[in-house]
Amino acid sequence: MEHGERRRFQIALFIAGNVLFATGLIFHAFLYNFYIEALGLSADVMGHAASFLTAGSLTALIPAGLLADRVGPRATLLIGAVVLAVGLALGAVAATPVSLWGAVVAGAGSGFWRVAMAPVLMRLTTPESRARAFAWNVGLLAAWNGAGVAMAGAASAALEARWGLPRLPALRATLLLGAVGSAASLLLYRRLHVTTGGPAAAPSTASSEVTDPETTRTILPLIALLGVWMVGPALATQFFNIFFAHVHRLSIERIGFVFAAASLCWAVVVLASGEVASRVGVGRVLFATLLAFAPAIWGLSLASSVELAVALYFVQGLISPLATPLIDQWLLGQTPPARQGAVSSWRQVAADVSAMIGASVGGWLLAAGPFGPLFLVAGAIALIGALGVVLGARIQAREPVAAQPDR
């Protein structure tokens, strides 16, 4: 097998491992509330379980970045897969609120995975193939999310209807099946050959990589500005079901159809975006994507017809999954390999903090008034963040870059 074929095989192996890793998380997200209900636990336990999963992930992000830089992102992936599988299995077999600690452990495993993914892809790809690989990784994970939810529901129903299991054992068995799927990712991750330095990075806005002592000074402000932008989409994301039900009077069935169709279309567009980014440039596509959110969400506040509202929902909802792989490779393309784990962890912390802030502030805005002000504020915050990122990147590109060490 020639070198190019080996590299493509390694990339395919890595993405397949990510799909397996995500299986347990998808099963858990869809079924765990039903499992808690079947245990006879109260609704507040459901909320605690979700918050514990997020807390476990957020707590693990910075240590995962340090670990990735010290022992390598491949080892971080392996550790994350073990920790996630253990946490998911613990949550599935426990019959008391102690199972919440399983959510903390599982969240930590997912945090290790999220941090290590981008550095691994940076090392497995060349500048020519990088945009496509990042796009396919995110696009296939998005497609698998929808398929995994359907599979989880079908498996649980089949265990009840065909095998005659009561509801609780059927849910438990399905959750354990998801944990086994996540554990199976170890078999693929172990076959990865991830070099220490990887192919040379191809920055999008600067003439060369940021040297190690400058990483914090130059990359961290860009991540902070990206975090400001991410607050915008987070303000509105979780309220679109209510928006279509209350403002456009759609039934739950029609809302579900709209969301499912949009998710499928988003996955297809993300898969195709890698080709565009590889031809036009990652930085240019990223900046255009970030700037597009504000007019799309503002248009939703003015849309009088349900057809226009659905079209604008598709556009604004596409932007976050489209931006995700672009942000990762744009940031890491400016970062020396020895610091990519840390930068990846900072980027994930920014995403989680922005999501928490956006959800809290969005709920407060919606409780205080109609959807119009919520969408206006979301667009304004995103526009400020996007303009800040573009300006920051231009300033950085004009600064003289220090001489690079030999690698």
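Use the structure listed above.
Computed from a predicted model, the values in this text were never measured in an experiment. (Residues numbered from 1 in each chain as written. Predicted model: local features only at pLDDT ≥ 70, side-chain atom pairs only at ≥ 80, totals over all residues. Heavy atoms only, no water.)

(A) Representation of the pattern of salt bridges in the model. One pass over the full model with this rule turns up five salt bridges. The residue R114 makes a salt bridge to D352 at a minimum N-O spacing of 2.9 Å. Taken together, the positions of R114 in helix α4 (residues 99–124) and D352 in helix α12 (residues 340–368) put the pair 238 residues apart, joining distant regions of the chain. When the shortest N-O distance is used, the salt bridge between R279 and E275 registers 2.8 Å. Taken together, the residues span about one helical turn, with R279 and E275 both in helix α9 (residues 252–280) at a distance of four residues. Given a relative accessible area of 67%, R279 falls into the exposed group. Within the structure, one salt-bridge network assembled from shared partners comprises R132, E275 and R279. (Salt bridge = Lys/Arg side-chain N within 4 Å of Asp/Glu carboxyl O. Helix = DSSP H or I, 4+ residues; strand = E, 2+ residues; numbered from the N terminus. Buried < 20%, exposed > 50% of the residue type's maximum accessible area, 1.4 Å probe, protein only.)

(B) Region of the structure containing unusual backbone geometry. Non-glycine residue R249 carries a positive phi angle of around 60°. Mapped onto the elements, R249 comes out in the loop between α8 (240–246) and α9. A residue is classified by how much of its surface remains accessible, and R249, at 69% relative accessible area, is exposed.

(C) Seen up close, the nonpolar core. Counting 89 residues, the largest nonpolar core has F14, W113, W229, W330, L331 and F375 as the members making the most contacts within it. The biggest single contributor to this core is helix α11 (residues 306–332), with twelve residues. Look past the residues within four positions of L331 in its chain and what remains in contact with it is I219, L222, I223, L226, V343 and R347. Within the second largest apolar cluster, 14 residues are counted, among which are L39, V45, A152 and L175. (Core = buried A, V, L, I, M, F, W, Y, C linked by side-chain atoms within 4.5 Å. Contact = heavy atoms within 4.5 Å.)

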